[in-house]
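Tertiary structure, described
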Amino acid sequence: MYKFSRKLPTALFQRSSILLYNIDYGFSFLSCVTAKSFQTDAADVLRKRKFVPPAPPKMAEGSLPTEVRVVVCGGGIVGASVAYHLALLGWGKETLLIEQHTVGGDSPLCASGFVGRYEPTYCELKLTEYSLDLIKELTEKNLPTGWKQVGSLNLARQFDRMTSYQRMKSIGKAWGISCEVWTPEECQAKCPLIDINDIKGGLWIPDDGVCDPHLVCLSLIQEAKRMGVRVIEHCAVKKILTDSGKVQQIDTTSGKLSCEFFVNCTGFWAREVGTLSTPVVKIPLKSVEHHFLYTKPIEGLNPLTPFVRDFDGGVYFREKDGGIMAGGFEREAKVAYEDTAVPLSQKERELPPDWDHFHELLDELLRRVPALRTASLDRLSNALQAFSPDCKWILGEAPEIENYYVCAGMKTIGVAASGGIGRTLADLIVKGSTYLDLHTLDVNRFLGLHNNRKFLKDRCKEVPGKHYDVCYPFDEYQTGRNLRMSPIYPALKEAGAIFGQTMGYERPSYFDPNDIKDEFGIPRFRMAETRTFHKPAWFDLVASEYTACRERIGLADYSSFTKYDLWSKEREVVDLLQYLCSNDVDVPIGSIIHTGMQNPWGGYENDCSLARLNENHYMMIAPTTQQTRSLAWIRKNMPSHLKASVNVSDVTSMYTAICIMGPYSRVLLSELTDTDLSPKNFPFFTYKELDVGLANGIRTLNITHTGELGYVLYIPNEFALHVYSRIAQAGQKYNIQHAGYYATRALRIEKFYAFWGQDLDTFTTPLECGRSWRVKFNKPIEFIGRSALLKQREEGVKRMYVQLLLNGHDHEVDVWCWGNEPIYRDGKHCGMTTTTGYGYTFKKQVCLGFVRNVDEAGNKLPVTNDFVLSGHYEVEVAGIRFEAKVNLHSPNLPTKFPDKEREAYHATRDKPGQGDLLSYKF
C-alpha cells in the first residue's frame, strides 16, 4: 500500500506551470511558484513544437550515393519488407535503405510475434495472408524466422462475441480461411492452461502462428542486400526536398542525395518525419505504452501452445522460450513521449513498468490462466506501440507530395502486416497499381484535423481498447467529438438528434424525442450506438423517419458531403472534367450529371455529382470520405497544360447542406421561394440558385441521393440557421420530420443506389454495377480508364452488382445482415454482400452485393443477366442461410404518391439504352 505525504515533491514544481487552489494547501501553494519557474514553464508551453531529428550516436557505415531511384527511410520490419519487394521487382540496385540506428533494432522485448490471417476487411485479410505465406517461404529457405504454426484460440465471454464468431466463420469459409466455432470444453482441450468457467465458447483458427519479428526483419534485409539493395545505418533524414510538388532530394546526416521516390517507414517517428518536408505530410499517429509480461520457464509447458486471445478480458498470451509471454489492451491507454522526441534505441525507448496501470490486465490474465499465479515472474516490459486515429494501418502516396509514400501505424502486429504492405507499396511505386483495393487504409482517408496533436492524444488513449472490442455495426468513438459541426447542429441537437461522426463531422444518425435535455434543461449531446447484431433499439425511430421521407417530408443534414468548386476563364475546366470523368460533363448550364472518375483500370476513384453552374464553373458533390482523396486525385491527374488555368477549391466548410425529401417537398419549397418549381421549369437532375426566405444565393439541386422527390439546398453558412428555421416552420402543416443517416441509408438501399466506399471501390467498374449508361465512350476527349472499359465491354464483366431480398428471415429474432455476408448461388459461393439493411417498404432484409461466375478450376467466367436471373440464391447470416430473391435493377417501390420523374429514373439498370437525363427543355 502506498503512503502519501503532505510534503510537496520538488518534481511537482518542475512539471507544473500554474497550480490552482488546492483543498489541502490553499492559495499559499500557488504562491510557492517562483517567478523563475513560471517563466521557464511558460516558455515550454508557448514554444513551438518543432521536430529536430536527433543525431545518430555513431557515424554512418558506408558512403552515401549521390543518386538512387528509391529511398526507404526506416530499417524496421516494414521498411525491410518494402526494400525486399522492390528488389523482387528488379529495383534492388536502385534502392537505398537508411536507418537512424541499427537495422532491426535490438532483440525485441516489445512484440508478440503473432501472425494471424483473420482481419476485419478483405483488404487487411489478404495483406496478412501474404505476410504469413512470406514468413513460411523464408523459413523453407532456412532463413531464421522463429516461425511456429501453433494456431490461435479466440475466447468469448458473451453471446454477442459468439455471434461475431459465427459471422467470422461464415466469412472465413467464403474467403478460404479454415476456422471452427468451439464449445468451452473443446477450447480447454486445445489449451489446458485456461479456465473456462465464464467462457461461452471460442473460435479456432489453425493456420495462425507466431514468429520472431526481429529475425524476420534481418532475413528480409539479408535477402534484399543479396538482390542489390544498399543499406546505411546510423543515417538520419533531415529534410525531404521537393520540386514542382514531387520528391527530388533527401538531406541526411550523411549528406544529400537525389531520388524519385521516398518511403516513410519510420514507425514511431513517422508523424515527425512528415514535418521535414514542405509542404508538411500529415501522418496522424501517436505512440502509447504497451506492456508485455514474461515468466520464467514453466515445467511441462507445451511449446506448441496456441496463441490465446481473451477479447472480452482484453488480454492475450503465448508460449515463448519455455515460459509465458502475455499482454493486453487496457480500456484507456497511456500516451508516451507527448512533448519529447522518441529515443533512437530500443533500450532507451523501454519505459519503466507501470504495475498500477497494468494491474487490471494482470487480474484478467490470472483469471484466465490460473497457472500464472504460481509462475515466477521474469519481467514486465513497457514498450511503445503506434496507433492511428481509427486503429487501422496507414499506407499509400501522400496527398501533399507526389512520390512520397507512407507506411505507419502498425499497432502491435507489424510483422503480420509487413509482408503484404511491403508488396503493395512496391507495386504502387514500380507498377503504379497493386492487387488490392487499399482505400480503407489509404493515408488520404484523413483530414488535417486528424493530425492535430491534442486530438491524437485524446483519440489514441481510446483506440487500443477498441482493438479487442466486439465489432458492432456503426461503431463510434467517444473521443474527438463535437469537432466539426454545421451551423444547424444546435437546432438538430434540440430536435433530438443522436449523432454519429464521419470525417470528424457530427451527423445525425437518427432522432429520439425522449430524454433530450439534461437536469439543467440544456439539450444533451448523445452519440449513436447499435451494440447488437439483431434488431437494433433505434428500429422504430428510424421507421418513423423513413415513413416521413416516403409519405410526407423528411429533413436531413447533408453538410458533411464533400463539396468542390471547379472553374476557369475559358473552357479548360470542361476539358479537365471530360478527361477525368467517364460521363459527358459538357451538358447545358443548370444540368446535374452523375459520373464516376475512373482509374486506368476502369475502377472508381470517385463517384460524384456535378452541377454546371455556369459555362466554365462546376460544383462537385462527392462522398464525405472523399474530401482529401478526390482533391489529391484531381491534382495528380490534371494535365500540366491545365494546371495554371483551372482552379479547384474545397468549399465543404462554406456551405450547409439541407435535404428536404418526400411528396410534399416541392409544395413546401414553393412557399419559401419566388421561383417556379414546376417539373417543366425545374426538372429532376437540374440546378437553380434560389432565394429562400430572406436569404439569397442558395444553390439548389433537384436530387436527393435516395430516389425520393426532393431537393438539396447548399446554403452559405451565414444563412443556414435562417433557412433551416423557415423550412421547419413552414413544414409544420405537412408534419415535417427530421431524418438521420440511418433512414436515408435505408431509402437508398431499397432503391438500389450504390455508394462509393461501401459498394463501389477502386476495383469496381461502371459496367459491373449497372452504370454503363453513364459511360460516354464517344466523348471528344478520351477519359481515364476508357481503354480498360472498352476491353471489359468486349470481353464481358466477371462480376455483377445485384439486390437480394431475403425470404424467411424474421427481423425480430434472427441475426441481421450487416454487410460482408456470403452469397450462394445454387449452393455454391458466388460473392459477398456490401451494403445491407432492413427495407421498411419491402418488410424484408435487403442486401446489395456482387456475384461471380467461377468454374470448378477457379477460373472467373463472364457474368450475364441470364446467369444471374437463372440461379437460386441464399445469403448466409451468422451460419444460417436464407433464401433470397435477386434484382438486377432499381425497383419501383409501391407508393401512395407516384411521381413520373422518379419512376423514370433507375440508378442501377440492366438496359444501357435508357436515357440518363429526362427529356425536358431548358
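Residues numbered from 1 in each chain as written. Predicted model: local features only at pLDDT ≥ 70, side-chain atom pairs only at ≥ 80, totals over all residues. Heavy atoms only, no water.

Naming follows an unreviewed UniProt entry, where the chain appears as Pyruvate dehydrogenase phosphatase regulatory subunit, mitochondrial of Glossina fuscipes.

**Focus on the packing of aromatic side chains**
Enumeration over the complete set of coordinates arrives at 36 aromatic pairs. For the ring pair F684 and F685, a centre distance of 5.0 Å and an interplane angle of 90° mean the geometry is edge-to-face. In textbook terms, an aromatic cluster arises when at least three aromatic residues are bridged by ring pairs, as seen for F474, Y510, W538, F539, Y546, Y741, Y742, W816, W818, Y838 and Y840. Its guanidinium or amino end placed over the ring of Y741, R507 lies 4.0 Å from that ring's centre, counting from NZ or CZ. In this arrangement the basic side chain of R748 is found over the ring face of F755, its NZ or CZ atom lying 4.4 Å from the centre. (Phe/Tyr/Trp six-rings, centres within 6.5 Å; stacked < 30°, edge-to-face > 60°. Lys NZ or Arg CZ within 6 Å of the ring centre and 35° of its normal.)

**Considering the pairing of strand β21 (residues 505-511)**
The element β21 is largely enclosed, with a buried count of seven among its seven residues. Across six bridges, the pairing between strand β20 (residues 497-502) and β21 is antiparallel. Paired with Q501 across the strands is E506, a residue of β21. Count of turn residues in the β20/β21 antiparallel hairpin: two residues, of which M503 carries a positive phi of about 50°. (Buried < 20%, exposed > 50% of the residue type's maximum accessible area, 1.4 Å probe, protein only. Helix = DSSP H or I, 4+ residues; strand = E, 2+ residues; numbered from the N terminus. Pairing = 2+ DSSP bridges.)

**With respect to the pattern of salt bridges**
Here the structure, examined in full by the defined rule, presents 53 salt bridges. Linking K535 and E812 is a salt bridge whose minimum nitrogen-to-oxygen distance equals 3.0 Å. Pair noted here: K535 is in the loop between β21 and α15 (539-551) and E812 is in the loop between β33 (799-806) and β34 (822-825), with a separation of 277 residues, a long-range link. Note on K535: relative accessible area 24%, which makes it partly exposed. Here E812 falls in the partly exposed class, since its relative accessible area comes to 44%. Linking E708 and R550 is a salt bridge whose minimum nitrogen-to-oxygen distance equals 3.6 Å. Taken together, the residues span a long stretch of sequence, with E708 in the loop between β30 (695-701) and β31 (710-716) and R550 in helix α15 at a distance of 158 residues. R550 shares its class with E708; the two are buried. (Salt bridge = Lys/Arg side-chain N within 4 Å of Asp/Glu carboxyl O.)

**A short note on α15**
Between its first and last C-alpha atoms α15 spans 18 Å; for 13 residues at 1.5 Å apiece the expected length is 18 Å, and the two agree. If you check which residues of α15 are buried, you get F539, V542, A543, E545, Y546, A548, C549 and R550. Contacts made by the buried residues of α15 are with β21, β22 (554-557), β28 (655-661), β32 (737-738), α20 (741-750) and β35 (828-839). (Expected span 1.5 Å × (residues − 1). Contact = heavy atoms within 4.5 Å.)

**Details of the UniProt feature "domain: GCVT N-terminal" (unreviewed entry) in the chain**
Within this numbering scheme, the UniProt entry marks residues 489-779 as carrying the feature "domain: GCVT N-terminal" (unreviewed entry). Helix makes up 24% of residues 489-779 and strand 27%, whereas the separation of the span's terminal C-alpha atoms amounts to 43 Å. (UniProt positions renumbered as here; feature names shortened; annotations may be inferred.)

**Structural notes on the packing of helix α4 (residues 77-91) against helix α12 (residues 414-430)**
The N-to-C vectors of α4 and α12 enclose an angle of 40°; their axes lie 8 Å apart at closest approach. The angle between α4 and α12 places the two elements in the oblique class. Relative to α12, the crossing made by α4 is right-handed. Across the interface between the two elements, I77, V78, S81, V82, H85, L86, L89 and W91 from α4 touch G414, V415, S418, G419, I421, G422, R423, L425, A426, D427, I429 and V430 from α12. (Axes fitted to C-alpha atoms, helices over the stretch in contact; angles between N-to-C directions. Parallel < 35°, antiparallel > 145°, perpendicular 65-115°, else oblique. Left-handed = near helix turned anticlockwise from the far one by under 90°.)

**Description of the sheet that holds strand β26 (residues 617-622)**
Across the sheet, five strands lie side by side as β24-β25-β26-β23-β27; this open sheet has antiparallel pairing. The strands lining the two open edges of the sheet, one partner per strand, are β24 (592-598) and β27 (647-650). For this sheet, the mean angle separating the axes of adjacent strands, direction not counted, is 30°. Alignment of strand β25 (residues 604-614) against β26, held across five bridges, turns out to be antiparallel. For L610, the partnering residue across the bridge sits in β26 and is M620.

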